[in-house]
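The residues making up each chain are set out below.
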Amino acid sequence: MAILSEVTALPVARLEIQDAFSTLTKRERLQIYYSTKAALGCSRIALKQVSPESPIVSDIIVELGRACGCNWTHLARAVGIDTQSIQQFLLYAARIINSIGNYEDSLQPTYVIRIASEAKAPPADKLERFSPLEYQNGAMIEFSFGDYAQDMAEIRRFLQRATQFAEEGTSSKQLQLLADFFRSGDIQADVKASAAWVKSTQTVEANFGFLSGYRDPAGVRRSMEAIVAIRDQTKVRALNSLIGIAEDLLASMPWVAAKDEHGEGRFGAFELPHYVQPEFMSLNLLSLTAHQCWYAMIGPTYQDIRDNVGKKNLYFENCVAATTAKEFPFLDTEDLAVFLAQYNDCNAAMIFTHELIGHGCGKILSETAASAYNFDIDNLPRNTLTGKPISCWYKLGQTPKSVFGGLYSTLSECIAEVMALFLLPRKDIWTALEIAKDPTDSDIETLEYVGYLWMIQQALRSMQKYDAVKQKWGQAHGRARFVILKTLYEHGQGLLRIEHRHHTTESPARLTIHLDKSLIPTNGRATVARLLHRLHIYKCTGDAENGIPDLESLTSVTGEYLLWHQVVCNRAQQPFLIVQANVLPVDESGNQIRSTESGALADVEVADVILRQYEPTVEGLVKSWVERGIGYEVTPI
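Nothing here was measured: the structure is a model prediction, and the numbers come from that model.

Observations concerning the overall build of the protein
A tally of regular secondary structure across the protein gives 23 helices and 18 strands. Counting only contacts in the protein whose residues sit at least 6 apart along the sequence, the fraction spanning at least 24 positions is 76%. Total accessible area computed for the protein in this model is approximately 27400 Å², and 49% of it derives from carbon and sulfur atoms.

Here you go:
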């Protein structure tokens, strides 16, 4: 019997990968093996970014698991502790593993810019770039090389081995450039690797680096992350069909419809002249180093690469299948049957449009060089909200992240989430995705209704990410959805009502969504369009003066919302813990190659690899981490 058989507080899901793995060639299996070992090195850095003690705690988990062969009942007996104590330890360990660290880190002010690299000093020909700089009040900024040097060296070695098995061309070039980046810390190597990654089309999808800033409250410092996945070729046709109508979707945006007619092109001043079509892929995740398991993502992080080379939209189908919510406590009984019948299709379509258009739209109006601009400075574009010429733009060296600070992630995610709602009425989306061949107006109204219910349900659930004591949000996606909830509730003119049933002796307090389906085509669409338009102009023009106070107001939790927050927290749904598979090396005879030093495996000749999956339990999650962390198969005692 599993030691945690009575523990039901945390839902655990497994990323199913066996079918996708079985399609790989031997060469691809070896590439994916060395890539997953590089991802392990990335997790070491991610742990250190969170806190000094996180890697130590991880090592304790691994060593205890190895010592007892993940037989936790034996460990309890051997050291004389009760089962409850072991349960508490494993639950704690599972949370550490799942979030890659022991808590959400906060920004620590510092005057030293630490550059992650295997090298301990900048290249001789670039010394001048890293000379001390004078900052405010005479303080000096110094550059320190060699951060995470040992981990960067290990990652680089595994990337070089993975390169030997990657397809010739952009795939192998990307991995080699990433290896150069991990060796030198030179950001230009990472930029070039991103350009090569966008063009790569091989079956094994892998990317590594400081990819997102969601975990940093200031939205500045990026977390070390890694993705190793297998492409699903069966979904390419539908996704390519969606990409094929992307320009038509973009042409329907509020700021495009209201654009000037003097030389701004088809899409107006707030979009690029030509839509840069992304590579849209459906993937099955094998190894993910990140503080949460996403449904989808878009990359690369460099805006100039997105604008001039292209971008990739990644949809993680096995993550969606594993972590899709099974309970919807805020839906009325009458809505639930309709919702469940359409939910999966609606959720998939909204994820696709969220990524494809929501994160793919917009032109950042900027000073690109001294007295040079990517718009006509002598004939300023007209703000499509006010009808007047724009009054602000990004100054030289500014970026959306530097201008909006910690609110940028919320702004970006809110635009993408609202975009998904805005595009729900488009029949061509449902046809392109082969969800509905010839949808009627009634079909669209039902799908749109389910989409609104899903967004409002998720927004209410996300309120558990708000800390009422500190008056702070802990997650950008949840904060963005709350913006939508608050806007629909306050400005939908009867569209949305939240019924608050107070606690009684017979039943706990609860919230129930009441959405007027008949008002969605009028009040709903108009409210969504206004919000989307406003947020988009904030982002494109760098209008922090109006955008920041607006977002702070839209995400403030006061009055009635605080009462909702209490109900949500009392009925909090725990996020899924994700169990990932491992790939283990074998020799020519099929015997597993074991080593207690993961780095040493970079120099060992591996004949092939095997896939090992684990039970979707807390124990399975911990065991997968133990075996991944030491490159060693634990032996039950």
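From this point, the narrative continues.
Details of the packing of aromatic side chains
Ring pairs (aromatic) are described by centroid distance and by the angle formed between their planes. Taken as a whole and assessed by the stated rule, the structure comprises 19 aromatic pairs. On the numbers, 4.9 Å between centres and 75° between planes, the contact of Tyr489 with Trp564 is edge-to-face. Of this pair, Tyr489 sits in helix H19 (residues 476–491) while Trp564 is found in helix H22 (residues 560–570), placing the two residues 75 residues apart along the sequence. An aromatic cluster is defined as three or more aromatic residues linked by ring pairs; in this entry it consists of Tyr466, Trp473, Phe482, Tyr489, Tyr561 and Trp564. Lying over the aromatic face of Tyr275, Lys311 brings its terminal NZ or CZ to 5.1 Å of the ring centre.

Observations regarding the sheet that holds strand S6 (residues 223–231)
Where strands meet in a sheet, backbone hydrogen bonds hold them as pairs that are either parallel or antiparallel. With mixed pairing, the 5 strands of this open sheet are ordered in space as S5-S6-S7-S9-S8. With partners counted over all chains shown, the strands left at the sheet margins are strand S5 (204–212) and strand S8 (296–299), one partner each. Neighbour-to-neighbour, the strand axes of this sheet turn through a mean angle of 40°, independent of strand direction. Across 5 bridges, the pairing between strand S7 (residues 279–289) and strand S9 (residues 312–316) is parallel. Paired with Met281 across the strands is Leu314, a residue of S9.

Quick notes on the pattern of salt bridges
All told, the structure shown has 15 salt bridges when counted by the stated rule. Asp59 serves as the salt-bridge partner of Arg44, at 2.7 Å between the closest nitrogen and oxygen. You can see Arg44 sitting in helix H2 (residues 26–50) and its partner Asp59 sitting in helix H3 (residues 54–68), a full 15 residues away along the chain. Take Arg44: its relative accessible area is 22%, and that puts it in the partly exposed class.

Observations concerning the nonpolar core
Generally speaking, a soluble globular protein has its nonpolar side chains buried in company with each other. The biggest cluster of nonpolar side chains holds 101 residues, and the ones touching the most others in it are Ile357 and Ile513. Looking at this core element by element, the count peaks at 11 residues for helix H18 (residues 441–462). Those residues within four positions of Ile357 in sequence are excluded, and the remaining contacts are Ala246, Leu249, Leu250, Tyr275, Met419 and Leu423.

Here we look at helix H5 (residues 83–99)
Over its 17 residues, H5 runs 24 Å from end to end, which matches the ideal 24 Å to within 8%, given 1.5 Å per residue. Turning to H5, its buried residues number three or more, namely Ile86, Gln87, Leu90, Leu91, Ala93, Ala94, Ile96, Ile97, Asn98 and Ser99. Looking at where H5 begins, the residue whose side-chain oxygen comes 3.3 Å from the main-chain nitrogen of Gln84 is Asp82. Looking one or two residues past H5, Ile100 carries a phi angle of roughly 50°, positive in sign.

Notes on helix H21 (residues 544–554)
Those residues of H21 lying buried are Ala544, Gly547, Asp550, Leu551 and Leu554. Taken around the axis of H21, the buried residues stretch over an arc of 145°, which confines them to a single face.

Re the packing of helix H4 (residues 72–79) against H5
Contact geometry for H4 and H5: axes closest at 10 Å, N-to-C directions at 125°. If you check the angle between H4 and H5, you find them oblique. In the crossing of H4 with H5, the sense of the turn from one axis to the other is right-handed. Judged by residue contacts, Trp72, Leu75 and Ala76 of H4 engage Ile86, Phe89 and Leu90 from H5. For the contact of H4 with H5, the residue count by class is 6 nonpolar, no polar and no charged.

A closer look at the confidence of the model for the protein
Predicted coordinates in regions of low pLDDT should not be interpreted in detail. Counting all residues, the mean pLDDT for the protein is 86, and 88% of those residues have values of 70 or more. Note on residues 1–8: pLDDT is under 50 here. Beyond four places in sequence and across chains, it has 14 contacts. Long-range and interchain partners of residues 596–600, a stretch whose pLDDT sits below 50, account for 12 contacts in this model, where long-range means more than four residues apart.

Observations concerning the pairing of S6
The buried fraction of S6 is high, at 9 of 9 residues. Neither face of S6 is left uncovered, since the one carrying Ser223, Glu225, Ile227, Ala229 and Arg231 and the one carrying Met224, Ala226, Val228 and Ile230 both have all their residues buried. Two strands pair when backbone bridges link them, and S6 and S7 are joined in this way by 6 bridges, in the antiparallel orientation. By the bridge assignment for S7, Ile227 is matched with Leu288.

Looking at the state of the cysteines
By definition, a disulfide links two cysteine residues through a covalent bond between their sulfur atoms. Applying the stated criterion across every chain yields a total of 0 disulfides. Considering cysteine sulfurs only, Cys70 is the nearest to Cys68, which forms no disulfide, with 5.8 Å between them. Judged by relative accessible area, Cys68 falls into the buried class, the value being 1%.

Quick notes on the packing of H19 against H22
Between H19 and H22, whose axes approach to 13 Å, the crossing angle comes to 130°. Overall, the two elements H19 and H22 adopt an arrangement that is oblique. In the crossing of H19 with H22, the sense of the turn from one axis to the other is right-handed. Every residue of H22 that contacts H19 at Phe482, Leu485, Lys486, Tyr489 and Glu490 is listed here: Glu560, Tyr561 and Trp564. Across the contact of H19 with H22, the residue classes break down as 5 nonpolar, no polar and 3 charged.

A look at unusual backbone geometry
With an omega of 0°, the peptide bond between Gly299 and Pro300 qualifies as cis. In this fold, Pro300 is placed in the loop between S8 and helix H12 (303–308). For Ser371, which is not glycine, the phi dihedral falls at a positive 60°. Given a relative accessible area of 65%, Ser371 falls into the exposed group. Backbone geometry places Glu434, a non-glycine residue, at a positive phi of 60°. In this fold, Glu434 is placed in the loop between helix H17 (427–432) and H18. On the basis of relative accessibility, which here comes to 46%, the residue Glu434 falls in the partly exposed class.

What counts and how
Residues numbered from 1 in each chain as written. Predicted model: local features only at pLDDT ≥ 70, side-chain atom pairs only at ≥ 80, totals over all residues. Heavy atoms only, no water. Helix = DSSP H or I, 4+ residues; strand = E, 2+ residues; numbered from the N terminus. Contact = heavy atoms within 4.5 Å. Areas by Shrake-Rupley, 256 points an atom, 1.4 Å probe, with all protein chains shown as cover. Phe/Tyr/Trp six-rings, centres within 6.5 Å; stacked < 30°, edge-to-face > 60°. Lys NZ or Arg CZ within 6 Å of the ring centre and 35° of its normal. Pairing = 2+ DSSP bridges. Axes fitted to C-alpha atoms, helices over the stretch in contact; angles between N-to-C directions. Salt bridge = Lys/Arg side-chain N within 4 Å of Asp/Glu carboxyl O. Buried < 20%, exposed > 50% of the residue type's maximum accessible area, 1.4 Å probe, protein only. Core = buried A, V, L, I, M, F, W, Y, C linked by side-chain atoms within 4.5 Å. Expected span 1.5 Å × (residues − 1). Polar contact = N/O pair within 3.5 Å; in protein donor to acceptor, adjacent residues only side chain to side chain. Arc of directions from axis to C-beta. Parallel < 35°, antiparallel > 145°, perpendicular 65-115°, else oblique. Left-handed = near helix turned anticlockwise from the far one by under 90°. Nonpolar A, V, L, I, M, F, W, Y, C, P; charged D, E, K, R; others polar. pLDDT = per-residue confidence, 0-100. Disulfide = S-S within 2.5 Å.

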